[in-house]
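Architecture at a glance
Here are the chains, one letter per residue:
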Amino acid sequence: MTNTVRIQRAIKELTQEDLARAIGVSRQTINSIEKSRYIPSTLLALKLSETLEVTVHDLFQLEKSDLK
Amino acid sequence: MRTKKSVLECESETVDKWSRFKLPNKLKPIGWIIAITSFIAFLFTRNAGLDNFLWLFLIKNIGVLGLAMVTLSKEKIEDEMLNSLRGKAMLFTLFCIIFFIILTPFITVLLSGLITDDFRSTAFELSQYNTLSCVMLMYILGFETMKRLYK
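Here goes a summary of the coordinates provided. (Residues numbered from 1 in each chain as written. Chains lettered and ligands numbered in written order. Predicted model: local features only at pLDDT ≥ 70, side-chain atom pairs only at ≥ 80, totals over all residues. Heavy atoms only, no water.)

**A few points about the packing of aromatic side chains**
Residues and elements named next belong to chain B. Under the definition given, this model contains two aromatic pairs over all chains. Residues W18 and F21 carry aromatic rings whose centres are separated by 5.8 Å and whose planes lie at 50 degrees to one another, so their mutual orientation is tilted. Geometrically, the ring pair formed by Y139 and F143 is stacked, given 6.0 Å between the ring centres and 5 degrees between the ring planes. Remark: F143 and Y139 occur in helix α6 (residues 128–149); sequence separation between them is four residues, near one turn of the helix. (Phe/Tyr/Trp six-rings, centres within 6.5 Å; stacked < 30°, edge-to-face > 60°. Helix = DSSP H or I, 4+ residues; strand = E, 2+ residues; numbered from the N terminus.)

In structure tokens:
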């Protein structure tokens, strides 16, 4: 799974710390999501999409390997 | 209107409630201090030859309590990633403890056999304290390592 969290965050001019505080998680969690090391739950994905004002589909995309 | 909950619903709520139970973050350093102090006291007692049953019982229990405080305490910011890491650390601990329980008696007997012919006197005592301490130490080690990996 790939994601555009880092790009969307940069568009919104937010730091990892700002985004983390806005959705109530740690900065490490935002960093792990951006590096695709951690796949967030639906709840967190929806919180991210609401804060960054984009759809969940714009934030997270499935890769071919995920569909196997 | 009052609705009746099924037994399964009540049970799952209880399990859910207890699985989320964590102590405040402030207790973590206190837990470390208690665990390390009791470990030092245990080593001192053993080396000094003061094998007082009640004293050893107290030290071991306090040590296990200290480790439990470290294991069960919250992080500064608790979120879902940390909960997922806790689950992974628990699984890692389970694997380790299975190997620990199965292999330890063989390893200690083998090692003690190399040093002395008296296997029983040097064989590692697989008590509930050793097992519980190892479970908690493995969990702490696994959790801290994963936290560093996901940083």
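The discussion continues.
**Concerning unusual backbone geometry**
Residues and elements named next belong to chain A. The backbone of E13 sits at a positive phi, close to 55 degrees, despite the residue not being glycine. Relative to the elements of secondary structure, E13 occurs in the loop between α1 (5–11) and α2 (16–23). Judged by its relative accessible area of 72%, E13 falls in the exposed class. If you check the backbone angles, S36 has positive phi at about 60 degrees while not being a glycine. With respect to the helices and strands, the residue S36 is situated in the loop between α3 (27–34) and α4 (42–52). (Buried < 20%, exposed > 50% of the residue type's maximum accessible area, 1.4 Å probe, protein only.)

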